[in-house]
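Summary of structural features
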Amino acid sequence: MSKIVKSDQEWQQQLSPESYRVTRQQGTERPFTGEYWDLNKDGTYHCICCDQELFSSSTKFDAGCGWPSFNDVMNEERVIKREDFSHGMHRIEVICSHCEAHLGHVFPDGPEPTGLRYCINSVSLTFKPKP
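So, here's what we can say about the structure.

Cut-off values and rules
Residues numbered from 1 in each chain as written. Predicted model: local features only at pLDDT ≥ 70, side-chain atom pairs only at ≥ 80, totals over all residues. Heavy atoms only, no water. Buried < 20%, exposed > 50% of the residue type's maximum accessible area, 1.4 Å probe, protein only. Helix = DSSP H or I, 4+ residues; strand = E, 2+ residues; numbered from the N terminus. Pairing = 2+ DSSP bridges. Salt bridge = Lys/Arg side-chain N within 4 Å of Asp/Glu carboxyl O. Core = buried A, V, L, I, M, F, W, Y, C linked by side-chain atoms within 4.5 Å. Contact = heavy atoms within 4.5 Å. Disulfide = S-S within 2.5 Å. 1 Å grid on protein atoms, 1.4 Å probe; cavity = no way out; pocket = protein on both sides within 12 Å on 5 of 7 lines; lining within 4 Å. Points joined across faces, edges and corners; volume = space filled by probe spheres on them. Nonpolar A, V, L, I, M, F, W, Y, C, P; charged D, E, K, R; others polar.

Taking burial as the measure, the six residues of strand β6 (residues 91–96) include five buried ones, the bulk of the element. In the sheet, strand β5 (residues 79–84) pairs with β6 via six bridges, with the strands oriented antiparallel. The residue of β6 that forms the bridge with Val79 is Cys96. Counting the residues that bridge the hairpin from β5 to β6 gives six residues, and of these His87 lies at a positive phi of roughly 60°.

Evaluation of the coordinates by the stated rule reveals eight salt bridges. Of the charged contacts in the structure, one is a salt bridge between Lys128 and Asp51, with a shortest N-O distance of 2.8 Å. Taken together, the positions of Lys128 in strand β9 (residues 125–129) and Asp51 in the loop between β1 (43–47) and β2 (53–56) put the pair 77 residues apart, joining distant regions of the chain. For Lys128, a relative accessible area of 34% gives the class partly exposed.

Attention now moves to the nonpolar core. One finds Tyr45, Cys47, Phe55, Cys99, Tyr118, Ile120 and Leu125 to be the most contacted residues of the largest nonpolar core, which totals 24 residues. Mapped by element, the contributors of at least two residues to this core are β1, β2, β6, β7 (102–107), β8 (117–120) and β9. What Tyr45 contacts, discounting residues up to four positions off in sequence, is Tyr36, Leu39, Gln52, Glu53, Leu54, Phe55, Ser57, Lys60, Phe70, Leu125, Thr126 and Phe127.

As a further point, take unusual backbone geometry. A cis amide bond links Glu112 with the next residue in sequence, Pro113, at an omega value of 15°. Mapped onto the secondary structure, Pro113 falls in the loop between β7 and β8. One non-glycine residue, Phe32, lies in positive phi territory at about 65°. Of note, Phe32 is situated in the loop between α2 (17–25) and β1. A positive phi angle, near 60°, is found at Glu100, a position not held by glycine. For Glu100, the position within the fold is in the loop between β6 and β7.

What follows is about the state of the cysteines. Within this structure, the stated rule accounts for zero disulfides. Cys99 takes part in no disulfide bond, and the closest cysteine sulfur, belonging to Cys47, lies 3.6 Å away. No disulfide involves Cys119; its nearest neighbouring cysteine sulfur is the one of Cys65, lying 3.9 Å away. Overall, the relative accessible area of 10% leaves Cys119 in the buried class.

For the rest of this paragraph, the subject is empty space enclosed by the protein. The full count for this structure, using the stated rule, is one cavity of 30 Å³ or more. The calculated volume of the largest cavity comes to roughly 40 Å³. Around the largest cavity, the lining residues are Trp37, Phe61, Asp62, Ala63, Gly64, Cys65, Gly66, Trp67 and Ser69. Considered class by class, the residues forming the lining of the largest cavity number five nonpolar, three polar and one charged.

A few words now on the sheet that holds β8. Overall, antiparallel pairing links the six strands, which are arranged β3-β4-β8-β7-β6-β5 in an open sheet. Bordering the open sheet on either side are β3 (60–61) and β5, each of which pairs with just one other strand. For β7 and β8, the ladder comprises four bridges, and the chain directions are antiparallel. Its bridge partner being in β8, His105 is matched across the sheet by Cys119.

Dropping the structure here:
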């Protein structure tokens, strides 16, 4: 799958101001404010920028952090992980492999079987319920 490349102006036209700030400028939404942090429906979560399928509701769990949390991705090839040293911290950023949207971060404090917690901004996702 080829990368999606758009100008900042094109992304601003496509996305809400908050989704643009988070996905294109590596922002973070405030905890407990996003649409999906406490959603408990069956379905899949997709990148808001390119619609790539990223997470299944079957891997979603309540981490108590205020953001949607997942213990696995649907396919490792759909995300890029890179070191993030912003804000005086060392974290692992999670990026959509198709459009390079900032999604959130992954931490090694999640439940088994992976032990991972993908802490993802709601505004970087769209949810598609299971039919």
